[in-house]
Structure formats: C-alpha cells, structure tokens
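Summary of the model geometry
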Amino acid sequence: QVQVVESGGGLVQPGDSLTLSCAASGRFYRVRAMGWYRQYPGKQRELVAVSSSSGNKNYADSVKGRFTISRDYAKNEVTLQMNSLKPEDTAIYYCKADVEVTNPPRLYDYWGQGTQVTVSS
C-alpha cells in the first residue's frame, strides 16, 4: 500500500504566506512526478504545480511568481511554498504522487486526503 499525506493548510489573510507539505510512503519502486492540485466547490480539480522526476517544474499561470514547488527526492516529499496569497487561492489542496511499482512494472496515481487553504480578511 502507498500513503500520501499532506499537512500545512489553514486560515491566513491576503498577502500572507503558507507552506504545504506532502510525503509519500509505502511499498513502491520509486516516485516519479509529485504535484499539487486544488479544487473549488463544484469545480474539477486543477493543477497548481508539478515537479517531475527529472526536476522539471510547471505552474498554473495563476500562481506563477507566487508559489514555489520543491522536492526532497530521498524522502519522497514535496513542498509548496505559497506567497502573496489571494482570496481566490481559497480551495482544498491535494497532493498527487505518481508511483512506480515493479512485478509487473506499472505507474499509479495516489492522492492525499486534501488540506483546506482559506485566504480571508
């Protein structure tokens, strides 16, 4: 089994910063991409930022210059540093890990349980 666990959500004011953390653990060969997604009420989950196994990073246009994703490859952890937060960043944030297993070799997506981020004055 694979577990993906997020932490770090909360209530902050506009302009504040917040850091989300996520760790993948369990039985697998390696973690490929890890990323953050968010979901607004009644909307589909959308990409916020993703970090590939090769170190490439991609961000949603709405967070470029404000959010930074970083990986600890040895610990299978990913962090999302969120600066200059806006009310429109309010959402549930989910971590996703693309996990590679062997026998047979396959790639699976595992999601965390989600963490609420609320930006309000």
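Now for a look at the structure at hand. (Residues numbered from 1 in each chain as written. Predicted model: local features only at pLDDT ≥ 70, side-chain atom pairs only at ≥ 80, totals over all residues. Heavy atoms only, no water.)

**Points about the side chain of Asn 76**
Heads up, the condition is: Think of it this way: any DSSP run of H or I at least four residues long counts as a helix, any run of E at least two long counts as a strand, and we number them from the N terminus. Partly exposed residues are those whose accessible area sits between 20% and 50% of the maximum for their type, while under 20% is buried and over 50% is exposed, using a 1.4 Å probe and protein chains only.
Here Asn 76 shows up in the loop between strand E7 (67–72) and strand E8 (77–82). The buried category is assigned to Asn 76, whose relative accessible area is 18%.

**Overview of the pattern of salt bridges**
Heads up, the rule is: Basic side-chain nitrogens of Lys or Arg form a salt bridge, by our definition, when they fall within 4 Å of a carboxyl oxygen of Asp or Glu.
All chains considered together, the criterion is met by 8 salt bridges. For Glu 100, the salt bridge is made with Arg 30, and the minimal N-O distance between the two is 2.8 Å. Note that Glu 100 is positioned in strand E9 (residues 91–101) and Arg 30 in strand E4 (residues 30–39), a separation of 70 residues in sequence. Measuring nitrogen to oxygen at the nearest pair gives 3.0 Å for the salt bridge that ties Asp 89 to Arg 38. Remark: Arg 38 occurs in strand E4 and Asp 89 occurs in the loop between E8 and E9; sequence separation between them is 51 residues. Pair check on accessibility: Asp 89 and Arg 38 agree, each one buried. Overlapping salt bridges bring together Arg 38, Glu 46, Arg 66 and Asp 89 as one network.

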